[in-house]
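Commentary on secondary and tertiary structure
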Amino acid sequence: MSDAIAVKRAPIHAPMAQFQVEASGELRVGDQNLSVLAERVGQTPFFAYDRELLRARVAQLREALPAQVKLHFAMKANPMPAVVGLMAGLVDGIDVASAGELKVALDAGADPAEISFAGPGKRDIELRQAVAAGVLINVESARELPVLAEASARLGLPARVAIRVNPDFELKGSGMKMGGGPKQFGIDTEQMPELLAEVGRLGLAFEGFHLFAGSQNLRPESICEAQQKSYELALRLAALAPSPVKFLNLGGGFGIPYFPGEQPLDLAPISANLQALVARAATELPEASLVIELGRYLVGEAGIYVTKIVDRKTSRGQVYLVTDGGLNHHLAASGNFGQVIRKNYPVTIGNKAGSVERESVSVVGPLCTPLDLLADRMDLPAAEIGDLVVVFQSGAYGRSASPEGFLGHPASVEVLV
Ligand SMILES: *Cc1c(COP(=O)(O)O)cnc(C)c1O
């Protein structure tokens, strides 16, 4: 690795700090300053994802976690084909949530043996595509079973299945809860005896269990507790399974810091907990690989959103910087994608990031709605029309999670640098 990369790696966690600022005040992205990159891209708004930061994050995680734990990338966090292609070469497997994502993962060269397909409401055609592709299907409804059995018989290929369990506990402190209580995800623990018997009767290739309790969690003790309970539950269910467990997907939920006061996740307790589970699995589930699946933790901090200031106006003392993109490209940064109370993402003026002259401004997008807010009364480098607003922590749930068609402005583009 070159020196430049080594320098960039060190402060990977702190929002903004993973991107260097040049003496000129320009933010450095990849090996260019932001203004040159913007010329190269040829338009604003755009998202830029940094390869070296993506590589560094996976390397850092591998170093922290037990070697036996398999690392999967949940590609819905960032489905850009070039990103998926890069990640496929770095992680052990890709988790897809639709046949569309499955195509991107297969095109990227991901090994079908290590692709898993989860999601409620899988259409019959998607289930058949997954059997034909030879990927692992995380079954979320009893309805999926006969469709899989039919496809398997017709194609002469095993339908590889894991059962997504809706556990009888929740992930505490999660931004989004995706398990426990009544849920559309997975199948309730209570229904497992009957369901597992049906998997056996239909002769499906049973491979294991999938549990996913929730997302965006910054509390290691909650993640450890969820992993512990998920393991215990899977162990109980393994006794009812038609064949030994080969995959035990314990979910993920690792969060990243977005807002003032939030601290990066401490991996040490999670690693120790996983180490203990690996040791138990060696005797209790000897054929099983433990898997964790992460989306935002892998890609979120490696990406920025860049939008140009097209107007600057003052209303009753409040300065507004109006940009050429907003919630139509980056719904999450506007606070309308799962936030309970709106808070500002980390933002700067990318071509003046090092400027000492600062002022309190609101950054708004071009849409005719007060929801289109990227920064609410933030202290930022003083900026003019033509300057580039940068939103950090934008590598996950950005472009693909935003209502691009809303108001008919031009689309954003994505680059991997
Ligand atoms: C969305 C999702 C993930 C990824 O969640 P992150 O919070 O981005 O890590 C992982 N697994 C499943 C089943 C998901 O639906």
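Computed from a predicted model, the values in this text were never measured in an experiment.

For the coordinates displayed, the defined rule picks out 23 salt bridges. The shortest N-O distance in the salt bridge between Asp 387 and Lys 352 comes to 2.7 Å. Separated by 35 residues along the polypeptide, Asp 387 in the loop between strand S19 (373-381) and strand S20 (388-391) and Lys 352 in the loop between strand S17 (347-349) and strand S18 (358-364) bring together distant segments of the chain.

Turning to the packing of aromatic side chains, a few remarks are in order. Scanning the entire structure with this criterion turns up 9 aromatic pairs. Centroid distance Phe 47 to Tyr 49: 6.3 Å. Interplanar angle 25°. Geometry classified as stacked. Judged by centre distance (5.9 Å) and plane angle (70°), the ring pair of Phe 259 and Tyr 345 falls under edge-to-face. Of this pair, Phe 259 sits in the loop between strand S13 (247-249) and helix H10 (267-284) while Tyr 345 is found in the loop between strand S16 (318-323) and S17, placing the two residues 86 residues apart along the sequence. Grouping aromatic residues by their ring pairs yields a cluster made of Phe 47, Tyr 49 and Tyr 305. Cation over ring: Arg 57 sits above Tyr 297, and NZ or CZ is 4.3 Å from the ring centre.

The ligand sits among 13 residues. The nearest are Lys 76, Ser 215, Glu 293, Arg 296 and Tyr 397. Separating an oxygen atom of the ligand from a backbone N or O atom of Gly 295 is a distance of 2.9 Å. Elements with a minimum of two residues in the shell around the ligand: strand S12 (214-217) and strand S14 (289-294).

What follows concerns the environment of Glu 22. Counting through the fold element by element, Glu 22 comes out in the loop between helix H1 (3-9) and strand S1 (28-29). Leave out the neighbours within four places in its chain, and Glu 22 touches Arg 28 and Asn 33.

This paragraph deals with the nonpolar core. With 120 residues, the main nonpolar core has Leu 34, Ile 163, Phe 209, Leu 248, Phe 254 and Ile 304 as its most contacted residues. Of all the elements, helix H9 (residues 220-238) adds the most residues to this core, at 7 residues. Domain assignment of the residues forming this core places at least three in each of domain 1 (4-50 + 301-416) and domain 2 (79-294). Ignoring any residue separated from it by four or fewer positions in sequence, one finds Ile 163 in contact with Val 139, Ile 187, Met 192, Leu 195, Leu 196, Val 199, Phe 206, Gly 208, Phe 209 and His 210.

All right, on to the pairing of strand S5 (residues 93-96) then. In summary, the side chains of a regular strand alternate between the two faces of the sheet. Side chains Gly 93 and Asp 95 project from S5 onto one buried face, and the interleaved Ile 94 and Val 96 project onto a second face that is buried too. Two strands pair when backbone bridges link them, and strand S4 (residues 70-74) and S5 are joined in this way by 3 bridges, in the parallel orientation. Residue pairing for S5: Phe 73 is matched across the bridge by Ile 94. With helix H4 (residues 81-88) bridging S4 and the parallel S5, this β-α-β connection has right-handed handedness. Remark: the S5/helix H5 (residues 99-107)/strand S6 (residues 115-117) crossover connection has right-handed handedness.

To continue, consider the domain arrangement of the protein. Partitioning the protein into structural domains gives domain 1 (4-50 + 301-416) and domain 2 (79-294). Just the C-alpha atoms count here: the centres of domain 1 and domain 2 sit 34 Å apart. Counting residues at the interface gives 15 residues for domain 1, matched by 12 residues for domain 2. Of the roughly 1,200 Å² buried at the junction of domain 1 and domain 2 (both faces included), carbon and sulfur atoms supply 71%. For the interface between domain 1 and domain 2, the tally reads 0 salt bridges. Where domain 1 packs against domain 2, one counts 1 residue pair in polar contact (both at pLDDT 80 or more).

About the cut-offs
Residues numbered from 1 in each chain as written. Predicted model: local features only at pLDDT ≥ 70, side-chain atom pairs only at ≥ 80, totals over all residues. Heavy atoms only, no water. Salt bridge = Lys/Arg side-chain N within 4 Å of Asp/Glu carboxyl O. Helix = DSSP H or I, 4+ residues; strand = E, 2+ residues; numbered from the N terminus. Phe/Tyr/Trp six-rings, centres within 6.5 Å; stacked < 30°, edge-to-face > 60°. Lys NZ or Arg CZ within 6 Å of the ring centre and 35° of its normal. Near = heavy atom within 4 Å. Polar contact = N/O pair within 3.5 Å; in protein donor to acceptor, adjacent residues only side chain to side chain. Contact = heavy atoms within 4.5 Å. Core = buried A, V, L, I, M, F, W, Y, C linked by side-chain atoms within 4.5 Å. Buried < 20%, exposed > 50% of the residue type's maximum accessible area, 1.4 Å probe, protein only. Domains from an automatic or database assignment. Pairing = 2+ DSSP bridges. Right-handed = clockwise from strand over helix to strand, strands pointing away. Buried area = accessible area lost by both parts, 1.4 Å probe.

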